[in-house]
Amino acid sequence: MTGEVLSVLFKGVHYEIIVETVPGTSVTVNMHVIRNQDVTSENGKEKISASNFYVDVEDVKNLDDKEIIALSNAQAWDPETDEYISIAKIEYDLQEEPGDYPVTFSTANGTSIERTIYVKNQPFVKNEKANEAIMAFNFFKTVDEILESQALDTDIKTWANAQGWKLSDENQSIDISVDYDFDPEDVKEGVYKVTFS
């Protein structure tokens, strides 16, 4: 329990201690549930999909191709066999300043899809009393991605790039929980509030 001792009173055989607990830290973001926007190759033998995503301006320098694929959930597959096809090429020109930057994902056969990376100077919520901070981003997902998730709470944290840390030591992360009021089995297109605490 994290808190501040307000009073300690000796009562003869015991002490009465009054502690004001510190309220937890939380941040709420929007989950945009969008329809599938797959692109099919001209010959119909490949499909490719990806989502827009947000990233903090300070994290741009650490992004590599693998992380961009993961954050956008970019994937390509053969629609007849459902076998995955490699993303062979990623094209983008990210700057370490706020803005909207296009990113193109392509297969070896040239099937491609363009999405947007939103670089933001993302504020975070600080709680000095609890010595903690928390940050998360709005994010985009399709109904299918939510339905196919095997560990939705963990995936939501990843999709929102949710992070918590101690103010006294930014390298010391803290556990965060996720709360939402939609039914994952019956989610529809729209905007949903997701809270990280």
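Keep in mind that this is a model prediction, so the values were computed, not measured.

**Q** Any chance you could break down the pairing of strand E15 (residues 163-166) for me, citing the residues and the numbers?
**A** Bridge count for strand E13 (residues 132-135) against E15 is four bridges, and the pairing is antiparallel. Looking across to E15, one finds that glutamate 132 is bridged to lysine 166. Where E15 meets strand E16 (residues 169-173), two bridges bridge the pair, whose relative direction is antiparallel. By the bridge assignment for E16, lysine 166 is matched with aspartate 169. Linking E15 to E16, which pair antiparallel, is a turn of two residues.

**Q** Provide a residue-level description of the pattern of salt bridges, including the pertinent values.
**A** Considering all chains together, one arrives at four salt bridges under this definition. Lysine 126 is the salt-bridge partner of glutamate 128, the closest N and O atoms lying 3.8 Å from each other. Among the salt bridges present, the one from aspartate 186 reaches lysine 188, with a minimum N-O distance of 2.7 Å. Since its relative accessible area comes to 47%, aspartate 186 is described here as partly exposed.

**Q** Let's hear about the environment of glutamine 75: which residues, and what values?
**A** Its location among the elements puts glutamine 75 in strand E7 (residues 75-77). Separated by 24 residues in the primary sequence, glutamine 75 and serine 51 place their C-alpha atoms 10.0 Å from one another. Not counting chain neighbours up to four residues away, the residues in contact with glutamine 75 comprise Lys47, Ile48, Ser49, Tyr84 and Ile87. Reaching out from glutamine 75, the side chain makes a polar contact with the side chain of tyrosine 84 at a distance of 3.3 Å.

**Q** Lay out the packing of aromatic side chains with the relevant residues and their values.
**A** Scanning the model with the defined rule gives eight aromatic pairs in all. Look at phenylalanine 10 and tyrosine 15: their rings are 5.1 Å apart centre to centre, the planes differ by 55 degrees, and that puts the pair in the tilted class. Comparing phenylalanine 10 with tyrosine 15 shows no difference in burial state: the two are exposed. Centre to centre, the rings of tyrosine 180 and phenylalanine 182 are 4.5 Å apart; their planes meet at 25 degrees, and the pair counts as stacked.

Scoring rules and cut-offs
Residues numbered from 1 in each chain as written. Predicted model: local features only at pLDDT ≥ 70, side-chain atom pairs only at ≥ 80, totals over all residues. Heavy atoms only, no water. Pairing = 2+ DSSP bridges. Helix = DSSP H or I, 4+ residues; strand = E, 2+ residues; numbered from the N terminus. Salt bridge = Lys/Arg side-chain N within 4 Å of Asp/Glu carboxyl O. Buried < 20%, exposed > 50% of the residue type's maximum accessible area, 1.4 Å probe, protein only. Contact = heavy atoms within 4.5 Å. Polar contact = N/O pair within 3.5 Å; in protein donor to acceptor, adjacent residues only side chain to side chain. Phe/Tyr/Trp six-rings, centres within 6.5 Å; stacked < 30°, edge-to-face > 60°.

This is a description of form; function is not addressed.
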